[in-house]
Amino acid sequence: MAGTWGRFNIAALVLGFAFLYLPIVLLIIFSFNESRLVTVWAGFSTKWYVQLFSNQGLMDAAWVTARVALLSASVATVLGTMAALALTRYTRFRGRILFSGMVFAPLVMPEVITGLSLLLLFVAINFDRGFATVTIAHITFSMCFVAVVVQSRLVSFDRSLEEAALDLGATPTRAFFQVTLPVIMPAVVSGWMLAFTLSLDDLVIASFTSGPGATTLPMKIYSQVRLGVTPEINAICTILIGIVTVGVIAASLVNKRREVLRRRDEAAYA
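Because the structure is a prediction, the values reported are computed rather than measured. (Residues numbered from 1 in each chain as written. Predicted model: local features only at pLDDT ≥ 70, side-chain atom pairs only at ≥ 80, totals over all residues. Heavy atoms only, no water.)

## What to know about the overall build of the chain
(1) Moving on: Secondary structure summary: the chain contains 11 helices and zero strands in total.
(2) Moving on: Once the C-alpha set of the chain is aligned to its principal axes, its extents read approximately 70 × 65 × 40 Å.
(3) Moving on: Relative to its 270 residues, the chain shows a buried fraction of 33%.
(4) Moving on: The contacts of the chain with a sequence gap of at least 6 include a subset with a gap of at least 24, amounting to 70%.
(5) Moving on: Total accessible area computed for the chain in this model is approximately 16500 Å², and 69% of it derives from carbon and sulfur atoms.
(6) Moving on: Averaging the locations of the 20 positively and 14 negatively charged side chains of the chain gives two centres separated by 3 Å. (Helix = DSSP H or I, 4+ residues; strand = E, 2+ residues; numbered from the N terminus. Buried < 20%, exposed > 50% of the residue type's maximum accessible area, 1.4 Å probe, protein only. Contact = heavy atoms within 4.5 Å. Areas by Shrake-Rupley, 256 points an atom, 1.4 Å probe, with all protein chains shown as cover. Lys, Arg positive; Asp, Glu negative; His and termini not counted. Charge placed at Lys NZ, Arg CZ, Asp CG, Glu CD.)

## Description of a nonpolar patch on the surface
(1) Moving on: A cluster of nonpolar residues, Leu13, Phe17, Phe19, Leu20, Tyr21, Leu22, Ile24, Val25, Leu26, Ile29, Trp41 and Phe44, forms a patch on the protein surface that exposes about 1300 Å² of accessible area.
(2) Moving on: Take Ile29: it is sitting in helix H1 (residues 2–30). (Patch = residues over 30% accessible without salt bridge, like charges linked within 9 Å, V, L, I, M, F, W, Y side chains within 5 Å. Salt bridge = Lys/Arg side-chain N within 4 Å of Asp/Glu carboxyl O.)

## Things to note about the confidence of the model for the chain
(1) Moving on: Looking at the chain, the pLDDT average stands at 83 and 96% of residues meet or exceed 70.
(2) Moving on: In the model of the chain, helix H11 (residues 231–269) stands out as the element of lowest mean pLDDT, 78, in contrast to helix H9 (residues 204–209), which has the highest, 90. (pLDDT = per-residue confidence, 0-100.)

## A word on the environment of Val225
(1) Moving on: Its place among the elements puts Val225 in helix H10 (residues 217–225).
(2) Moving on: Considering only alpha carbons, one finds Val225 and Ala42, 183 residues apart in sequence, at a separation of 21 Å.

## A look at the environment of Ile236
(1) Moving on: Tracing the backbone through its elements, the reader meets Ile236 in helix H11.
(2) Moving on: Since its relative accessible area comes to 5%, Ile236 is described here as buried.
(3) Moving on: Non-local contacts of Ile236, meaning those with residues more than four positions away in its chain, are made with Leu52, Leu58, Leu217 and Ile221.

## Overview of the side chain of Ser142
(1) Moving on: In this structure, Ser142 sits in helix H6 (residues 131–155).
(2) Moving on: Looking at Ser142, its side chain comes within polar contact range of the main-chain oxygen of His138, at 2.5 Å. (Polar contact = N/O pair within 3.5 Å; in protein donor to acceptor, adjacent residues only side chain to side chain.)

Listed below in structure tokens is the structure:
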């Protein structure tokens, strides 16, 4: 009986991973296809990557997406960390429930509603849609994800470390940057990467808030896919997969190294 359950679990695991990752593997393989037909293999070639970098429309969209993702993720990380600190450290202040609801509302709010509400806001205040509006929109919906990640780390943070720094004469600001922030840095980095990835992936909200000269890469890909998938689309999607994979691996290695150093320091002072 145990062997039967073991084989069933393995089969379910294999089928689950195949369902998730087999389409991605096929996309990567066919990005090196010689033929323009994305479903017919005609030999190995990298010519579509060469043509991709000659496609000015895709390159402009990729540059806009990169700038929006970097700026929105950085600002969202700062604001999300501040919100997490407020919710964790100050448990009693007027309007805390309202503040908490407003911070976490984008987590459960449909993207269509978020995008439409932001569009109506920008129209009401007569704010021209473009790079700035897309960035503000991405900050709005990604900040809550950062707040959730950082708050989960702050809940288990040992405040006696910060209190010891205060007793030794450090100001609250210096204690935060020299004691608290290094400890919660893995969560902050994870929140930044999550916000960056969400910004790269967003299509719905960017469609509502973008304007002339602010077409993001997902919008460009979606508009071209409606006319048919081309090998250039496969190539740029493969590059995005590679960037995200390298980023995740690098963050994991950095967090692992920080954890090893932390345990070494704890063993040294024990």
